[in-house]
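Residues per chain, in single letters:
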Protein chains: 2
Amino acid sequence: MRTWQTPLSLDRADPAPLAVQIARALTARIRAGALRPGAPLPSSRALARTLGVHRNTVLAAYGELAAEGWIASDPARATLVSRDLPPPAPGAAGAPGPAARAGFDLPPAPSDATWETLPPGTLELLGGTPDPRLVPVAALGSAYRRALRRREHLAYGDAAGHPRLRAALARMLGEARGLAVPPEAILVTRGAQMALALAGRALLSPGDGVAVEALGYRPAWESLRLAGLRTVPVPVDARGLQVERLEALAAAGAIRAVYLTPHHQYPTTVTLAPARRLALLELARRARLLVLEDDYDAEFHYEGRPVPPLASADGAGVVVYVGTLSKVLAPGLRIGWLAGPRDAIARLTAHRRFLDRQGDLAVEAAVAELFEEGEAQRHAWRTRRVYAGRREALAAGLRAHLAGALSFRTPAGGMAFWCRVAPGLDPEAWAARALRAGVAVQPGRLFAHDRRPRPFLRLGFGRLDERELAEAVRRLAAALPRGAQRAGASGA
Amino acid sequence: MRTWQTPLSLDRADPAPLAVQIARALTARIRAGALRPGAPLPSSRALARTLGVHRNTVLAAYGELAAEGWIASDPARATLVSRDLPPPAPGAAGAPGPAARAGFDLPPAPSDATWETLPPGTLELLGGTPDPRLVPVAALGSAYRRALRRREHLAYGDAAGHPRLRAALARMLGEARGLAVPPEAILVTRGAQMALALAGRALLSPGDGVAVEALGYRPAWESLRLAGLRTVPVPVDARGLQVERLEALAAAGAIRAVYLTPHHQYPTTVTLAPARRLALLELARRARLLVLEDDYDAEFHYEGRPVPPLASADGAGVVVYVGTLSKVLAPGLRIGWLAGPRDAIARLTAHRRFLDRQGDLAVEAAVAELFEEGEAQRHAWRTRRVYAGRREALAAGLRAHLAGALSFRTPAGGMAFWCRVAPGLDPEAWAARALRAGVAVQPGRLFAHDRRPRPFLRLGFGRLDERELAEAVRRLAAALPRGAQRAGASGA
């Protein structure tokens, strides 16, 4: 009985019953190899005496351990550690938690898995992110509470999304985007990111090629790649994606799909030209290409009428439309959607069930209520005014302080400027200096499919108010190398 | 100008400005092919007269259309539809919404995409689903409102989950499951389903084999298959998965991982025997297998002490642990998690960013608050008592009314009984009759990897209170074929 010289530790303050503590301590020893298969255990009477507990307490612990197969009785009715147990693995003893390293081989990592954390106090002049300070949280919180009263929102439900939200989105798409789509042709997703991940998996097959904008949205490409697809870059110019380049790719079987952001191209902010829009739809119809249309900032267009999405002119069932509420409400709500041909939406929904089963129905119902009561629409109007003001403020600030260093066209929509950096200025060195000066900006290389430098900075104005924007521009100017700043001032 | 004989329709009640309506109507006609490239348009003066609007309104519309490239001026300064536009595709005209059929080729569908909708009034004697009527919705709603006050919960945030929730889960796992895991080794997912989908994609490679329980959880298999993996069935007996069968599979390179439910095996409810637990860990260590441990109903164990998870004895970094709050709180919250070796969790988090970016931080923070204030724990205790009562009620009901038709061992935990159907009774015919009688039960075939019939029914007691359970048993008995019922009564 030498094993018992180290007493079992029982803790009277531990809320677990003493029998449970005894059983737990014994299995810990067995697992750690301190008690080997076949090792004798003290009699219940002896152990009870040692521990100062009632014998029934030990009998309860032994009974449970026997039922679970940890311990057994030998023919002489002595109690011993079950001989069925294999010896413990070396190194298994006393592990204080999960290992730092996996004991199996990990496949290659996603190629773009770094998402930086910014130092506190950094002003985020970053593309496309809205201001969470503008979200109508009181209305949202109340709507969520009301949604919880219907307890079916906490159960398993429709994987395609809450029917009320699908109906609200269908109405919104008709009114705001000229897209006539019935609720049944909409799948609510967890943001545009899940929409893209699903489309890559459910509508295409591993090995398929997808044409993408050579300057574009890297997280979308990475989702497509993780689905086993190949991304094929196609140049972008002042009229958007060079659609004419797709013909040969399609004819050669190099692509089965096109992913693009035609409304305000990401990151350049240009709108796809009408001739290209029609040419793309016609090519897709003939070549049976999937057109994955990402209409991510549809709600923010400041000049004239927003251009209708490709999906609104698709009679051939080639467009699958991706939208999100991340910009108009909040990214943290994780509400996006896919709209398109019914059979494609059904296929996407089938895949979604095996990805995360369904969305958060209570949040979906709460957001539907914001739409039904007009709160979401009013919020979109209010914030459009706010963002229009911020756009003007940033344009004015850049003109006043960085005219020689940056040139730009004020974008017709969206939440960011795509600025050309003057010759001789290294956008990446500038961005690095700017970060040290307390302002985060994105150099062109981040958006390039070939990861090569581009003489551009993308400056987002969504998250900062006008005072903060002025300060951000000041810091950006202060981060300019001195010579460059002078050169800029004269070259404007 | 014959094109203009059909007047453009302007609607004074439409809130859109008249210039927008004009522009919209013209692009609709261009898209529909009613106005071809090069077709002349009326002068602004003429159109203004026809429509009864101010000429400036038409000029605004034309200006915008010209800026977008839809229309152009010829050398004689007449306005015409841009010659750059290709002719519209046949069939593109006047499509009232997305097509029913995709104009591209869909890849094969998931093989198990049917999720039935039950007729209203059906009593759900279904496995594993908890009762949403028990969820503490008032506490949850209040916590959510408080979480929204911190607006960073509505922005982009930590893809691994809210730090407060990760800390709360780490404490819970230590206290309730004996699993010492730091918050950094936990990734919060959207339910166990996303945890499995992620593990299949981030920790394994397409073509890899995964051993699964031959009677098991089909949605998990389907997630693994959609990740390109092969599922290899291994028999289950009264001691759980037959671990000894894995050795040869691993040696032959047929498997790189094992997915299993060792606590209360799904669907048979048996607990994996201690000898097999240790043998599995040792084999995994030697063969570098990933052990994907699904501890899905850990919270509900009614007899004695719950068996600790495999992960708590893993010193080799081979176990990745999957848990969920679907049973203890609510499936609709979609909160699950993965815990395991740090490098594996980092890899999973990197993949998750491209799947749906992050969870719903406000919901995660609200649930964390329920844990911090002890509400979640109190709720778990309360509901454990409720479910224990329901388990007794179902056992008593089955003994009283179906003793000859069904035999079972009352499960030590979980929310379902695995009942053997008496010889001569067809479980599927019975289940079909039962559904018509207003009670839904699951026949064994639904859980079989080979999809062949098994003489079992799985009866879940989670969603029904004791009165409803009595009625469900009555309906199930009423659905027995008469001869079988008599045979049952005498054979008990």
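Residue numbers restart at each chain and count upward from 1, following the sequence in its written direction. Starting at A for chains and at 1 for ligands, labels are handed out in the order in which the entities are written. Predicted model: local features are reported for residues with pLDDT of at least 70 only, side-chain atom pairs are reported and counted for 80 or more only, and whole-chain, interface and lining totals are derived from all residues. The basis for every side-chain value is the complete set of non-hydrogen atoms in the structure, without hydrogens or water.

**Let's talk about the interface of chain B and chain A**
So, point 1. Contact definition: two residues touch when any of their heavy atoms are within 4.5 Å. With 119 residues of chain B at the interface, the matching set in chain A holds 120 residues.
So, point 2. Accessible area, probed at 1.4 Å, shrinks when two parts are joined; the buried area is that loss added up over both. Summed over both sides, the interface between chain B and chain A buries roughly 10,300 Å², with carbon and sulfur atoms accounting for 61% of that surface.
So, point 3. It is Phe104, Arg305 and Phe354 of chain B that lose the most area in chain B upon contact with chain A, and together they represent 9% of the buried surface on that side.
So, point 4. Should a side-chain nitrogen of Lys or Arg be within 4 Å of a carboxyl oxygen of Asp or Glu, the pair is scored as a salt bridge. Taken together, chain B and chain A are joined by four salt bridges.
So, point 5. For the salt bridge of Asp356 of chain A with Arg190 of chain B, the shortest nitrogen-to-oxygen distance reads 3.1 Å.
So, point 6. In protein, a polar contact requires one atom able to donate a hydrogen and another able to accept it; more generally it is a pair of N or O atoms within 3.5 Å, and residues adjacent in sequence count only if both atoms are side-chain atoms. Counting every contact that joins chain B to chain A gives 36 residue pairs in polar contact (both at pLDDT 80 or more).
So, point 7. Counting only elements with at least two residues in the side of chain B that touches chain A, the list comes to helix 1 (18–32), helix 3 (55–68), helix 4 (137–149), helix 6 (191–202), helix 7 (218–226), helix 9 (274–287), helix 10 (342–353) and helix 11 (361–372) of chain B.
So, point 8. By definition, any uninterrupted DSSP run of H or I lasting at least four residues is a helix, any uninterrupted run of E lasting at least two residues is a strand, and each is numbered from the N terminus. With eight residues, helix 10 of chain B is the single largest residue contributor to the side of chain B that touches chain A.

**Section: helix 6 of chain B**
So, point 1. A helix is expected to span 1.5 Å for every residue after the first. Between its first and last C-alpha, helix 6 of chain B extends 17 Å over twelve residues, near the 16 Å set by a 1.5 Å rise per residue.
So, point 2. Here the term buried applies to any residue with accessible area under 20% of the maximum for its type, exposed to any over 50%, and partly exposed to those in between, with areas from a 1.4 Å probe on protein chains only. Counting buried positions over the twelve residues of helix 6 of chain B gives twelve, a clear majority of the element.

**Remarks on the domain arrangement of chain A**
So, point 1. Domain start and stop points were drawn from an automatic or database domain assignment. According to the domain assignment, chain A contains domain 1 (11–81), domain 2 (123–128 + 381–491) and domain 3 (135–377).
So, point 2. A straight line from the C-alpha centre of domain 1 of chain A to that of domain 2 of chain A covers 69 Å.

**A short note on the side chain of Thr324 of chain B**
Residues and elements named next belong to chain B.
So, point 1. Structurally, the position occupied by Thr324 is in strand 11 (residues 319–324).
So, point 2. Of the polar contacts made by the side chain of Thr324, one reaches the backbone nitrogen of Ser326; its length is 2.9 Å.
So, point 3. At 3.4 Å, the side chain of Thr324 forms a polar contact with the backbone oxygen of Ile335.
So, point 4. Apart from the residues within four sequence positions on either side, Thr324 is in contact with Gly191, Ala192, Tyr296, Glu299, Ile335, Gly336 and Trp337.

**Observations concerning the sheet that holds strand 13 (residues 406–407) of chain B**
Across a sheet, paired strands are connected by hydrogen bonds in the backbone, their directions being either parallel or antiparallel.
All names here are of chain B.
So, point 1. Strand order in the open sheet formed by four strands is 13-14-17-16, with antiparallel pairing between adjacent strands. In the strand order of this sheet, the two ends are held by strand 13 and strand 16 (442–443), each with one partner.
So, point 2. Two strands qualify as a pair provided DSSP detects at least 2 bridges between them. Direction of pairing for strand 14 (residues 416–421) relative to strand 17 (residues 456–460): antiparallel, over a ladder of five bridges. Within strand 17, the residue paired with Cys419 across the bridge is Leu457.

**Some points on the nonpolar core**
So, point 1. Buried Ala, Val, Leu, Ile, Met, Phe, Trp, Tyr and Cys residues that are joined via side-chain atoms within 4.5 Å together make up what is termed a nonpolar core. Grouped together as the largest cluster of nonpolar side chains are 120 residues, with contacts concentrated most on Tyr144, Leu246 and Val367 of chain A together with Tyr144, Leu246, Leu333 and Val367 of chain B.
So, point 2. Dropping the residues within four chain positions of it, Val367 of chain B is found in contact with Leu140, Leu165, Leu325, Leu329, Leu333 and Ile335 of chain B.
So, point 3. Membership of the second largest hydrophobic core comes to 64 residues, among which are Phe104 and Leu338 of chain A together with Leu338 and Leu348 of chain B.

**Some thoughts on the sheet that holds strand 9 (residues 257–260) of chain A**
Residues and elements named next belong to chain A.
So, point 1. Strands sit in the order 4-12-11-10-9-5-6 across an open sheet of seven strands; the sheet is mixed. The open sheet terminates on both sides in strands that have one partner only, identified here as strand 4 (186–189) and strand 6 (230–234). Neighbour to neighbour, the strand axes of the sheet diverge by 20° on average, direction disregarded.
So, point 2. The strands that helix 10 (residues 342–356) touches are strand 4, strand 11 (319–324) and strand 12 (336–339); relative to strand 4, the one it contacts most, it runs at about 30°. Helix axes are fitted only over the stretch in contact, all axes being lines through C-alpha atoms; the angle between N-to-C directions runs from 0 to 180 degrees.

**Observations concerning the environment of Ser73 of chain A**
All names here are of chain A.
So, point 1. Residue placement: Ser73 occurs in strand 1 (residues 71–73).
So, point 2. In this structure Ser73 comes out as exposed when scored by relative accessible area, which is 56%.
So, point 3. Spatially, the C-alpha atom of Ser73 lies 9.8 Å from that of Leu41, the residues being 32 residues apart in sequence.

**Notes on helix 2 (residues 44–51) of chain B**
All names here are of chain B.
So, point 1. Those residues of helix 2 not exposed but buried are Ser44, Leu47, Ala48 and Leu51. Burial along helix 2 is one-sided: seen end-on, the buried residues are contained in an arc of 100°. Facing away from the buried surface of helix 2 by more than 90 degrees, the exposed residues are Arg45, Arg49 and Thr50.
So, point 2. A positive backbone phi angle near 70° is found at Gly52, which sits one or two residues after helix 2. The arc in question is the one traced by the directions running from the helix axis out to the C-beta atoms.

**Here's the deal with the relation of the copies chain B and chain A**
So, point 1. For the least-squares superposition of copies, only C-alpha atoms count, and only for residues with pLDDT at least 70 in both. The operation relating chain B to chain A is a screw motion whose rotation component is 180°, with 0.0 Å of axial translation and a residual RMSD of 0.1 Å. Viewed as a symmetry operation, the transformation between the two copies matches a two-fold axis.
So, point 2. Mapped onto chain A, 100% of the interface residues of chain B again fall at the interface, so both copies present the same surface.

**Brief notes about the packing of aromatic side chains**
So, point 1. Two aromatic rings, drawn from Phe, Tyr or Trp (for Trp, its six-membered ring), form a pair once their centres lie within 6.5 Å of each other, and the interplanar angle then sorts them: stacked below 30 degrees, edge-to-face above 60, tilted otherwise. Counted by the stated rule, this structure contains 17 aromatic pairs over all chains.
So, point 2. Measuring from centroid to centroid gives 5.8 Å for Trp418 of chain B and Phe447 of chain B, while their planes differ by 80°, and the two rings are edge-to-face. Linking Trp418 of chain B in strand 14 with Phe447 of chain B in the loop between strand 16 and strand 17, this pair joins segments that are 29 residues apart in sequence. Across the pair, Phe447 of chain B and Trp418 of chain B agree in class, each one buried.
So, point 3. Ring-pair connections join several aromatic residues into one group, and the members of that group are Tyr217, Tyr266, Tyr296, Trp418, Phe447 and Phe456 of chain A.
So, point 4. Whether a charge sits over a ring depends on NZ of Lys or CZ of Arg being within 6 Å of the ring centre and within 35 degrees of the ring normal. Between the NZ or CZ atom of Arg384 of chain A and the centre of the ring of Trp381 of chain A, over which it lies, the distance is 4.6 Å.

**With respect to the environment of Leu446 of chain B**
So, point 1. Tracing the backbone through its elements, the reader meets Leu446 of chain B in the loop between strand 16 and strand 17.
So, point 2. Sequence separation between Leu446 of chain B and Glu428 of chain B is 18 residues; the distance between their C-alpha atoms is 9.7 Å.

**Concerning the pattern of salt bridges**
So, point 1. Following the criterion strictly, the structure yields 56 salt bridges over all chains and no others.
So, point 2. Note that Arg288 of chain A and Asp105 of chain B form a salt bridge whose closest N and O atoms lie 3.1 Å from each other. Residue Arg288 of chain A is located in the loop between helix 9 (274–287) and strand 10 (290–294), and its partner Asp105 of chain B is located in the loop between strand 2 (79–81) and strand 3 (123–124); the two belong to separate chains.
So, point 3. For Asp105 of chain B, a relative accessible area of 39% gives the class partly exposed.
So, point 4. Note that Glu375 of chain B and Arg382 of chain B form a salt bridge whose closest N and O atoms lie 3.1 Å from each other.
So, point 5. Note on Glu375 of chain B: relative accessible area 16%, which makes it buried.

**Here we look at the pairing of strand 5 (residues 209–213) of chain A**
Residues and elements named next belong to chain A.
So, point 1. Of all the five residues making up strand 5, five are buried; the element is thus mostly covered by neighbouring parts of the structure.
So, point 2. Taking every second residue as pointing to the same face, both faces of strand 5 are buried, with Gly209, Ala211 and Glu213 on one and Val210 and Val212 on the other.
So, point 3. Alignment of strand 5 against strand 6, held across five bridges, turns out to be parallel. In the strand pairing of strand 6, Val212 is matched with Pro233.
So, point 4. Call a crossover right-handed when, viewed with both strands pointing away from you, the route from the first strand across the helix to the second goes clockwise. Of the crossover connections in this fold, the one passing from strand 5 over helix 7 (residues 218–226) to the parallel strand 6 is right-handed.
So, point 5. Pairing of strand 5 with strand 9 involves three bridges; the strand directions are parallel. Note on strand 9: the bridge partner recorded for Val212 is Tyr259.

**Some thoughts on unusual backbone geometry**
Most peptide bonds take the trans configuration, and most residues that are not glycine carry a negative phi.
So, point 1. Omega for the peptide link from Tyr266 of chain A to Pro267 of chain A comes to 10°, which places this bond in the cis form.
So, point 2. Counting through the fold element by element, Pro267 of chain A comes out in the loop between strand 9 and helix 9.

**Considerations on a positive patch on the surface**
So, point 1. Residues enter patches when they are more than 30% accessible in relative terms and free of salt bridges; like-charged ones are connected within 9 Å and nonpolar ones (Val, Leu, Ile, Met, Phe, Trp, Tyr) within 5 Å. Every accessible area reported is derived by Shrake-Rupley at a probe size of 1.4 Å, with residue values counting cover from the shown protein chains alone. When charges are counted, Lys and Arg are positive and Asp and Glu negative, with His and the chain ends excluded. Where a charge lies is defined by one atom per residue type: Lys uses NZ, Arg uses CZ, Asp uses CG and Glu uses CD. Together, Arg145 and Arg149 of chain A together with Arg145 and Arg149 of chain B line one region of the surface with positive charge.
So, point 2. Listed by contribution, the elements that provide at least two residues to the positive patch are helix 4 (137–149) of chain A together with helix 4 of chain B.
So, point 3. When you line up the elements, Arg149 of chain A lands in helix 4.
So, point 4. For Arg149 of chain A, a relative accessible area of 64% corresponds to the exposed category.

**As for the side chain of Arg347 of chain A**
So, point 1. Residue position: Arg347 of chain A is located in helix 10.
So, point 2. Apart from residues lying up to four places away in sequence, Arg347 of chain A is in contact with Ala202 of chain A together with Leu106, Pro107, Pro108, Ala109 and Pro110 of chain B.

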